[in-house]
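# Remarks on the overall topology
Each chain, written out:
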Amino acid sequence: MKVLDLQCRQGHVFEGWFGSEDDFQGQKQRGLVQCPLCGDDHIEKRLSAPRLNLGARAPAATEAPAPAQAAATAGGAQGATPSEAALLPPALQAAWLALARKVVANTEDVGARFAQEARRMHHGEVQERAIRGQATADEAVQLLEEGIAVVPLPLPVAAKETLQ
Ligand SMILES: [Zn+2]
């Protein structure tokens, strides 16, 4: 069984069922294939069958947003700041960047010694001051359990660059 999408000279589109492609050609040559609307027997196969188009279009439509979204995310990550901030609206991004710059300007970067320094301050071994640095998730959790306040701050690269 072959289902063909056919079209007459008037542009009427209809579906024809044939045993095979050859059946269609044979019936067509004998004038047996006629447009059900106008009786025209000059019938041509539609190059792109609507039913096939529909089948191809449906998945494409549902898939379309995904690549677009992926592209947008990739574009945001290109700023070397693969953080959630890239997903914020521009106004919020600016505010967040300003805040981050303020934090950078008012804290001492202790880098990887962050957990160690935070502990020393907490135990009064060194003077309390605002510090920033890198801590692993485990370190952060440990500090919190010890009663040491830790605020995760994903610093944008731009905030650091302005100080260098
Ligand atoms: Zn017709």
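Above: the structure in question.
Anyway, here's the lowdown on the structure attached to this text.

What counts as what
Residues numbered from 1 in each chain as written. Predicted model: local features only at pLDDT ≥ 70, side-chain atom pairs only at ≥ 80, totals over all residues. Heavy atoms only, no water. Helix = DSSP H or I, 4+ residues; strand = E, 2+ residues; numbered from the N terminus. Buried < 20%, exposed > 50% of the residue type's maximum accessible area, 1.4 Å probe, protein only. Contact = heavy atoms within 4.5 Å. Areas by Shrake-Rupley, 256 points an atom, 1.4 Å probe, with all protein chains shown as cover. Arc of directions from axis to C-beta. Expected span 1.5 Å × (residues − 1). Donors = N, O, S within 2.8 Å, 3.2 Å for Na, K, Ca; no water. Tetrahedral: all angles 85-135°; square planar, octahedral: opposite > 155°, others 65-115°. Pairing = 2+ DSSP bridges.

Within the protein one finds seven helices and five strands. Here the protein, with 164 residues, has 24% of them falling under the buried criterion. Nonlocal contacts in the protein, meaning residues at least 24 apart in sequence, comprise 45% of its contacts between residues at least 6 apart. Summing over all exposed atoms, the protein offers an accessible surface of approximately 11,200 Å²; the carbon and sulfur share of this is 56%.

So, about helix α5 (residues 114-122). Along α5, the positions that sit buried rather than exposed are F114, A115, E117, A118 and M121. In a view along the axis of α5, the buried residues occupy a sector of 165 degrees, so they form one face of it. Buried-residue contacts for α5 involve β4 (108-111), β5 (131-133) and α6 (137-145). Once α5 finishes, G124 follows within two positions and takes phi at roughly 75 degrees, a positive value.

We now examine helix α4 (residues 90-106). Between the first and last C-alpha of α4 there are 24 Å, a value that for 17 residues agrees with the 24 Å anticipated at 1.5 Å per step. Inspection of α4 places W96, L97, A100 and V104 among the buried residues, and these make up the whole buried set. For α4, the buried positions fall inside an angular range of 105 degrees around the axis, keeping them on one side. For α4, the exposed residues set more than 90 degrees away from the buried face come down to A91, K102, A105 and N106.

Those donors, C8 (SG), H12 (ND1), C35 (SG) and C38 (SG), are the protein atoms that reach the zinc ion, and they lie 2.0 to 2.3 Å from it. Between the four donor atoms coordinating the zinc ion, the angles at the centre fall across 100 to 115 degrees, so the site counts as tetrahedral. All donors of the zinc ion come from a single chain, and their spacing in sequence reads C-x3-H-x22-C-x2-C. Residue H12 is found in the loop between β1 (2-7) and β2 (13-18), and its partner C35 is found in the loop between α1 (21-29) and β3 (44-45); the two are separated by 23 residues along the sequence. By relative accessible area, which is 25% here, H12 ends up partly exposed.

Side-chain direction in a regular strand flips from residue to residue, so the side chains alternate between the two faces of the sheet. Residues F14, G16 and F18 of β2 are buried on one face, while the alternating residues V13, E15 and W17, pointing to the opposite face, are not. With six bridges joining them, β1 and β2 adopt antiparallel strand pairing. Bridged to L4 within β2 is G16.

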